[in-house]
Structures are given as C-alpha cells and as structure tokens.
Amino acid sequence: MKRANPYKVTARAPSHHRPIQRCVYLILLLMLSAPSYAQFVSVEDSLEARLPNLHGKALADAYNIIAKENVYSDLDKLDRYANKADSLSQRLGYAEGRLYSRIYKSHAVYWRGHLPEAQEQYEREYSEALVLHLSEAVYQSLGGFFIASLRQNQISKAYAAQQAGYRFARQLTDERERDHYIIEWNILSYNYDIHINAFAKARKNLEENLAYAEQHRAGHRALGLSLKTLGDCESSVNHYRSAIDYLGRALEHLRIARERHHYLATLYVLAEIYGISGEPEKAIKLYKDLAAQAERRGYKMGVAEATGSLADLYFRQGKFAQSLGLQLKAIEIYEGIQRHLKLLYARKDLGRTYMKLGDFQKAISNFKQALTHVHDPIAGETFDAVTSTYILLSQSSFLLNNRPEAFQYVRKALNVEKVGLEFPVRSLNHMANLYLQCQMPDSASLPLATLTENLARIESSEDQANYFNTLGEWRLQRIDYGPAHQAFSNALTVAGDSHYADAQLAALDGLRQVEEGRHRSEAALAYLETYSTLKDSIYSMATSNEITDIIIQYQAAEKDRKIALLKDRERLQAAELRTRGITLWLVSAVLVVAFALAVVLVRVNRINRRNSRILLDKNLEIAAQNEEIRSQTQQIELQRDRLQESVHELQHTQAMLIHAEKMASLGQLTAGVAHEINNPVNFISNGVEGLTQQIEILVAVLKGYETVITPLPSEKYAVLKGIHDERQLAETLADCEALTKSIKTGVARTTEIIKSLRTFSHEGQKGFSHVNLNEQLDATLLMTQGEMKDRFVVVKDYDPELPKVTCNIGEINQVFMNIILNAIQAMHGKGTLTVITRTQRAAGRQKIFVEIADTGPGIPRELRHKIFDPFFTTKEAGKGTGLGLAISATIIAKHHGEIRIDSNESLGTRFTIVLPATQPLATAQALQDLDG
C-alpha cells in the first residue's frame, strides 16, 4: 500500500488509483547515485549558526525561516521558533514578522489534524496579508486554506481559494514575482485535480506549467517542485520511466535551492517506486537511510513515516515479526507528537499484522483503537481508511465465530462508504461474502445484484477481482457450474494482470471446486497444483528469509574458519622448516581441529535455528507485554487524575468549613458586642430623658424670672440685664435644647445599629426559620455603610407584600454581605447600588427574587465562568480569598435556589438570587423538629 509522503502537502488520491507493480530499469539506480542528501546543506543549518550575530527584524525573520523549515517535520521546534518570532516582532512593532509567525503556527495546527481550526486561522491571516499586501503571506495563508478545504471535502471553498490565488498572482506588477506565484499555484492546483479524479487534466496542466517555468527562467525551487510534482503524478498512474526522469532532474534543482524537505520528499517517492516494482532491497536501504537522516536531525515525523513504510514493505515480504516491531515504534512516535490521522492508519496496519499472525483478539483491539482517532465528521481522505478498518474488524470477528459482530461491522463500513465514496464496492462485496460463508446464498443475492448493476463503476482491479470471486462462489453454492467457472476465470485473469495474490488463490480454489462438482478430477487436480505452487511462493517467504539469514551467518563463520586454517598452515610450514620430526603430529592436530570445528559449526547452526525461533516468540511476547504496560499506564494516569480531583474537592470543602466557622464566630462576636453596648446605651437613653425634663423646668423658671424683673428699680434691672446679656442666657438655653436633641438622635442611631447587628447575627436562632428578607437586606446595608462612605447612592425597590422565606438567615445574610461588598469594591469613585425584591409563582410554587446591581466596570466575558470557582479572585494579593462567591453559590444550592449573573463590561453587574418561599419536605420536617 502506498503511504502518505511525510514531506509534502497533498490531497489523498482514491484507492483505485494506487500504482501496481512494474519493472524499474537500471536508470533508477543511477538517479539515486546523484548528489545524496548527506551532502545537502539546509537553510536551517546555516541560520541556526548565525543566530547569535542577528538582531531586531533580521533575528525575527531568521526565527520565522527556521519555523518554516520545520513545517513538515518537527512541529514542536516549529512552535518554539514561531513563538520567538511572534514575541520579538510584537516588541518591535513588526507586523510582517508577526503575520508570518502566526501562519507557521497555523501550519502546525493543520498537521496536528485540527482542520476546522486551521482553516479558520488561515482565513484570518489571509485577510491581514491582503491588507499588508505581502505576496508570500497571501500564498501561504490562502494555500493553507485551500488544502484544509480539500481535506474536508469542501470542494467549492477549495475552488474559490484556488481562483482567488490566481487572481492575486496575475495582478502583481513585478513580472518575475507574477511568474513565480503563477507557477506555485499551478503546482498547488495539482491537488485539486487529483481530488476530483481529473488525472489527465492534472498531467496536462503540470506539463504546461513545467514549460511555462522553463520559458520564464524560473528559479531552481520552482523548477524542482514542478519536476517533482510531475514525477509524482506520473508514478501515481504507473508511468515509471517518465517519473524517474522527472524526479532525477528535480533532485538536482532542489539540492541547489537547498529545499531539504522537498528534496527528501522526492527521495521518498523513489523509495515508493522501489517498493511497488519488485526491488524491495533497494527500497529497504533507502527507507533506512531516510529514517536515520530524520532521526539524526530530530525529525520525529520523518522517522515515523519511513519506519511505517519499511514495516509495510516487510509485511508484504512476510517478515511479520520485523514489521510488528517497526509498527510499534511508529505508533509510539505518532502518539508522542499527537498525529491522530497517522495513528488511524498505523493502528489499522498493526491490527492487520496481528491478523496474519493469527492473534485476532489483539487485531480487533488495534482496529478499535484506530477508530478512536477518527474525527467527527469524517474528513474526505479518511473514508477509505475507516471503511477498510470496519471490514477488517468484520473479518476478524467472523474468524472468531462472532457472526453478529461481523455483520454489524460490515454494515458500519457500508454506511461510511455510502457517505464518503461514490459507490460502496468493498462493503457490499464483503457483506455478500459473509452471507456466502454462512451458506446463505439467498441473502447474498441482493448485494451481489447491486454490484452487478454497477459493474461499470468498479474501477479498481482488486475490487473487480474480489467481485468476480464472490459472484463465482454464489454461483457455486447454487450449483450453477458454468457461470461459476466463468466468474472465477474472470477473477483469475484480473488478479493475475494486477498481481493480487489473495484474489488469485481464491479464484484457483473456486475453479478447483467447480471442476470437482463437475467430476473432472484431472482439471481439479491441475487447479489444486497451481494453487499450492502459488501459495507456497507467497506464504513460505517468511521461512525463506529466516533461512537466508542463517545461511549468511553460516557463511561468515565458514569464512572465519578458513582464515584460521590458512594461518595454521603458515605456522605448520614454518615449523616444518625448523623440525621435520613433528610434521606428522602437527598435520594430525590440524585435522582434529578441523573436524572439531566442523562439529561445532553444525551444532552452532542448529542452535542458531532454535534461537531464531525463540527470538521470534520472545518478540511477540514482548510486543504483547508492551501493549499491556501501555494499558496499565493509562489506568494509573486515570487514577491519578481522579485522586487530584478528590484532593481539590477536599481542599475546597476544608476552606468552606473554615470560612463558615469564621463567620459563625463573627456572628457570635457581633451578637456579644451588640448585647454589651445595648446596656450603656439604655443608661444614656434613660438619662437623656430625665435631663431633658430637668432642663425644661429650668428654662421655665428662668423665663418666669424674666417676667418678674421688669418692674424692679432701674438700677437692679440694669444689673440683672447686664448679667443676662453677659452670660448670653438666651443662646445658652437654645444650645441646651439642641444638645439634648442631638444626644437623642445619637442614641436612636446607636440603638438602630445594635438592632441591625443583632438582626444580622440572628442571635438566638439556629437552622432554618421564617424571616422577612426586606429586613435582612436593610440590616446588611446598614452594616456596610462604613464601606460606602457616602460615595454611593442606594436605591431600594422592595416588594411590600414579600412573604416570609424559610431559610438559615445567618447563611443568607452571609450571601447578601458577600455580594454587596463585592459590588461596593467594584465601583471606583461614585456609583449606584440597586437592591430589588419581588415574588413570582411558577409551576405551583412561590419563588422569591433578590436582585443586587452595581454600576461598576462589569466582569470580562472570559472570567465569568470562573467567578464561582473556589480561590478565584481578581483582587490584589491579601485583599481577597476567592471564597466569597464560591461559598455563596454553595449556600444558595443548599437552599434549593439558584444564583445568576448578568454582566456588561460598560453597564455593570447584576446578581439575581432565586429562593423558594418554602423548603422541600425534608427541610420542612427538620424545621418542624427544631420549632418543636
């Protein structure tokens, strides 16, 4: 199976356009002997060495270029350098640098599989690029939007983006720049043509684009990409001669342009051609080199892709143990870099390997894990993979004799294939196969009839061969040997031309059964021999490879033995010159040694064979243990998360208990202070009353004296009048009256404060009681007058008919106090505090509404969902615990009520408390017990 290239952005071609095996000529080797990527010096390497010498905008540009170099490889490194560029550009006021850094971060979002989010970001960045008129930014953002739309099968959006790109390129005034971006859009449009299956149009457009690029003397990058894309197109339709030519020329241009990722992508395409054309040794070498190169540079994505492709190649060779190890390594990398789409394919391939090894339970487990990486809705490119996974799940379930699940999965495959593909060929064919394996030919008739009616729409040779085999089996079960023979013959022809071995084996076995049904023993025997020969050539491959490895080891040991014998002979010849008397003994000794070595080699050979079998078993056992360890690790992490959540809840509960205890202590202290102050205030109040009466008597007496002294002689009258005027008797009497009134007013206010304190602390009451919330709100407002300091206007709109509410008044007063204090502290300067109470009846129950509104700055939208979280506060350190509103919300919930918030950042905040007038039965019973 042809894997996705890790170094390019492209839409995925339909499965029926995969290349088939062909011969690859010697020229391919010559192409690969061109300048290798070991000699390749990248832009990133050069810039990283120069970073200490760069400053300002030049440094921001360097960061962005390094981020761009890692778009197709190391997304973590991309994020690091793009964030550096963004931060530096923001400090410098460098709009261009910020825009490019955000575009590259959008590329990272795209490659992590978050297509809708990436598409939205590309659209924003495209608008900004148009404003700044940055041609490269327009191409990068609009191109990203184009590819993201294609991958989500949004054809109209992709087409609109393509046309917008062409319009922008054509209106550029600089001729060289205009030619450059027209060529780039021609290359990018190849993805659109492939997506709509217009291969002929794609090839023609790419040939014209190459001619255009050569005519206008485009740079090495444009020429290299044009040649590379054209070579990729040729290989996808099995035109390997021209593909090799184009790719070889592309390598040279890309090497000169120092386009590392596109250079490696070209080599990756060549490796794919090796793998599908019958030269696996060369493909293996190239994949290993690509993986090693990527690993040296820390490009995890490249390592995973090369490793996965190598695993596929080993799978096709029958080296399932080697394939298994590589697949597990690729999955580990994909999980580390969170490539969900890649994990879908990798898990599916691993499950397929377990199927070949006969471990169907593990196969099913991996298929199910693969489906967890599918986004909803399914993207256009994943329909094929999801359909294949469901069909493999169906096959595994059937092999485990679980027929209900087998039919359930094939129906799911049918539903997916109906939505994503033009015609559900494989699902219908597999459903018919399941019915036939259950000896239910009548049930298989309907899907087979649908396939037969749409035979012209089955384009894939593999699907055609499978259809003819299914049709032949259906005819065979109906004992209709003539049509059955014709169907199996058609399947054998199609499968033979396309080298589909499994389909060939099924056709040969079907032909054998037909001939046996006709009682033609010789023909049946001939088909059986052909079947056995083909099966041996396929399924003995793994054993042959192991034997080859043992032979190589044996030949190496034999070579070492011969070298040792030659050295012995030299020593024997030297000894013969010194003394001929011991020659016979030495020759005998050599013969004994040779015989012993031969015996040892035979035993070593046997031991090696046994060890190879043990090693294979151990590899499978280790792989199973690794899967079990991974599962246990996930369970441990889940338990850790639950423990952290429990600790957080305990901390919250502890903080609320401490706060409640503090409030209870404060209530007791308040009640005690009010009681202690009340006694001296009563003394003052009583004394003022007596003093007022005495002053009134004194004033009356003095006024009587004034009427009496008028008839006195003038000398005495003058003396008394002088005393009267000197002492300002009239003013003194008026001051006495004013002082007594002032003292009375102070005593009255002090009495009212004491009453409010006792009401707020609710002295003598515990648990639930019937209270008037209007009085409690007045008491709370009086308690907060010190905080208001005559800066605020308090507007009260109370419902005079407000019924009494069943509640714990201490806790409810605590809620009022928390919200009113928050409102006062939120209003800087002057403001208005509005308190409203009202009643509403709904669903036969009476509810009380208390609204407390301020004219402060309001609460930002991004913080509103946090205000009831424990320990969350917007106040300065030391001025707030963050528990007030959290405790208030808990108290209101305890009273079967609710607390709402409505905030506008320009108009202020309004809290609405809704309480039931009476509590539910359990709470009412508790109140009745308390009253009793």
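These figures come from a predicted structure and were not determined experimentally.

This part takes up the packing of helix α21 (residues 425-437) against helix α23 (residues 461-477). How two helices pack is summed up by the angle between their axes together with the distance between the axes. At a minimum axis separation of 10 Å, α21 and α23 run at an interaxial angle of 25°. Of the possible angle classes, the one that applies to α21 and α23 is roughly parallel. Every pair of crossing elements has a handedness; the one defined by α21 and α23 is left-handed. Along its contact with α21, which presents Val 425, Arg 426, Asn 429, Ala 432, Asn 433 and Leu 436, the element α23 presents Asp 463, Asn 466, Tyr 467, Thr 470, Glu 473, Trp 474 and Gln 477. Residues that form the contact of α21 with α23 fall into these classes: five nonpolar, five polar and three charged.

A complete count under the given rule lists 34 salt bridges for this structure. The salt bridge partner of Glu 516 is Arg 512, with a shortest N-O separation of 2.8 Å. Of the two residues, Glu 516 and Arg 512 both sit in helix α25 (residues 501-517), four residues apart, roughly one turn of that helix. Accessibility expressed as a relative area gives 16% for Arg 512, which makes it buried. With a closest N to O distance of 2.9 Å, Glu 898 and Arg 900 form a salt bridge.

This part is about a nonpolar patch on the surface. Among the surface-exposed residues, Ile 697, Val 701 and Tyr 705 lie close enough to one another that they form a single nonpolar patch of about 300 Å² accessible area. Here Tyr 705 lies in helix α28 (residues 583-708).

A few words now on the sheet that holds strand β7 (residues 908-916). Judged by pairing direction, the sheet is mixed, and its five strands sit side by side in the order β2-β4-β5-β7-β6 without closing on themselves. The open sheet has two free edges, formed respectively by β2 (792-797) and β6 (898-904), since each of these has just one partner strand. Between one strand axis and the next, the sheet turns by 15° as a mean value, whatever way the strands run. Pairing analysis gives seven bridges linking β6 to β7, with the strands arranged antiparallel. Paired with Asn 904 across the strands is Gly 908, a residue of β7. The strands touched by helix α33 (residues 809-826) within the sheet are β2, β4 (831-842), β5 (845-853), β6 and β7, with β7 carrying the most contacts at an inclination of about 170°.

Within the largest apolar cluster, 52 residues are counted, with the highest numbers of intra-cluster contacts made by Leu 51, Tyr 63, Leu 78, Tyr 110, Ala 137, Phe 146 and Trp 185. For this core, the elements supplying multiple residues, two or more each, are α3 (56-69), α4 (75-92), α5 (95-111), α6 (115-132), α7 (135-151), α8 (155-170) and α9 (175-195). For this core, the element with the highest residue contribution is α7, accounting for nine residues. Apart from residues no more than four positions distant in its own chain, Leu 51 is found in contact with Leu 59, Ala 62, Tyr 63, Ile 66 and Tyr 81. Counting 37 residues, the second largest nonpolar core, distinct from the first, contains Ala 304, Leu 371, Phe 383 and Ala 385.

What follows covers the side chain of Ser 135. Of note, Ser 135 is situated in helix α7. You can call Ser 135 buried: its relative accessible area is 9%. Excluding residues that lie within four positions of it along the chain, Ser 135 makes contacts with Phe 168, Leu 172, Glu 177 and Tyr 181.

Summary statistics for the protein give a mean pLDDT of 77 and a share of 77% for residues scoring 70 or more. Here residues 1-41 is modelled with pLDDT under 50, and outside its nearest four sequence neighbours on either side it reaches 123 contacts, counting other chains as well. Segment residues 546-555 is flagged for pLDDT under 50; beyond a separation of four residues in sequence, or across chains, it makes six contacts in the model.

Right, let's get into the packing of α33 against helix α34 (residues 884-894). The interhelical angle for the contact between α33 and α34, taken along N-to-C directions, is 145°, at an axis separation of 9 Å. Seen along the crossing, α33 lies across α34 with a hand that is left-handed. Across the interface between the two elements, Glu 811, Ile 812, Gln 814, Val 815, Asn 818, Ile 819 and Asn 822 from α33 touch Gly 884, Leu 885, Ile 887, Ser 888, Ile 891, Ile 892 and Lys 894 from α34. Class assignment of the residues belonging to the contact of α33 with α34 gives a composition of seven nonpolar, five polar and two charged.

Backbone geometry at His 133 places phi at a positive 55°, although glycine is not the residue there. Along the chain, His 133 turns up in the loop between α6 and α7. A relative accessible area of 46% places His 133 in the partly exposed class. Phi angles above zero are rare outside glycine, and Asn 401 is one such case at about 65°. Mapped onto the elements of the fold, Asn 401 is located in the loop between α19 (383-399) and α20 (403-420). When its relative accessible area of 68% is taken as the criterion, Asn 401 is described as exposed.

Taking 1.5 Å of rise per residue, 18 residues should cover 26 Å, and α4 covers 25 Å from first to last C-alpha, within 8% of that figure. Looking one or two places after α4, you find Gly 93, whose phi comes out positive at around 70°.

To continue, consider the packing of aromatic side chains. Scanning the entire structure with this criterion turns up twelve aromatic pairs. When the ring of Tyr 139 is compared with that of Tyr 181, the centres are 5.9 Å apart and the planes differ by 50°; the resulting orientation is tilted. In this pair, Tyr 139 sits in helix α7 while Tyr 181 sits in helix α9, placing the two residues 42 residues apart along the sequence. A relative accessible area of 14% means that Tyr 139 is categorised as buried. Through successive ring pairs, a cluster of aromatic residues spans Tyr 139, Phe 146, Tyr 166, Tyr 181 and Trp 185.

This paragraph deals with the pairing of β5. Pairing geometry for β4 and β5, over nine bridges, is antiparallel. Pairing of Arg 841 across the sheet is with Gln 846, part of β5. Two successive antiparallel strands, β4 and β5, enclose a turn made up of two residues, where Ala 843 displays a positive phi of approximately 55°. Judged from the seven bridges that link them, β5 and β7 form a sheet pairing that is antiparallel. The residue of β7 that forms the bridge with Phe 849 is Val 914.

Right, let's get into the side chain of Asp 179. Here Asp 179 lies in helix α9. In this structure, Asp 179 is buried with no salt-bridge partner, the nearest side chain bearing the opposite charge being Arg 178 at 4.7 Å. Contacts of Asp 179, omitting those with residues within four sequence positions, involve Tyr 212 and His 216.

How each quantity is defined
- Residues numbered from 1 in each chain as written.
- Predicted model: local features only at pLDDT ≥ 70, side-chain atom pairs only at ≥ 80, totals over all residues.
- Heavy atoms only, no water.
- Axes fitted to C-alpha atoms, helices over the stretch in contact; angles between N-to-C directions.
- Helix = DSSP H or I, 4+ residues; strand = E, 2+ residues; numbered from the N terminus.
- Parallel < 35°, antiparallel > 145°, perpendicular 65-115°, else oblique.
- Left-handed = near helix turned anticlockwise from the far one by under 90°.
- Contact = heavy atoms within 4.5 Å.
- Nonpolar A, V, L, I, M, F, W, Y, C, P; charged D, E, K, R; others polar.
- Salt bridge = Lys/Arg side-chain N within 4 Å of Asp/Glu carboxyl O.
- Buried < 20%, exposed > 50% of the residue type's maximum accessible area, 1.4 Å probe, protein only.
- Patch = residues over 30% accessible without salt bridge, like charges linked within 9 Å, V, L, I, M, F, W, Y side chains within 5 Å.
- Areas by Shrake-Rupley, 256 points an atom, 1.4 Å probe, with all protein chains shown as cover.
- Pairing = 2+ DSSP bridges.
- Core = buried A, V, L, I, M, F, W, Y, C linked by side-chain atoms within 4.5 Å.
- pLDDT = per-residue confidence, 0-100.
- Expected span 1.5 Å × (residues − 1).
- Phe/Tyr/Trp six-rings, centres within 6.5 Å; stacked < 30°, edge-to-face > 60°.
- Lys, Arg positive; Asp, Glu negative; His and termini not counted.

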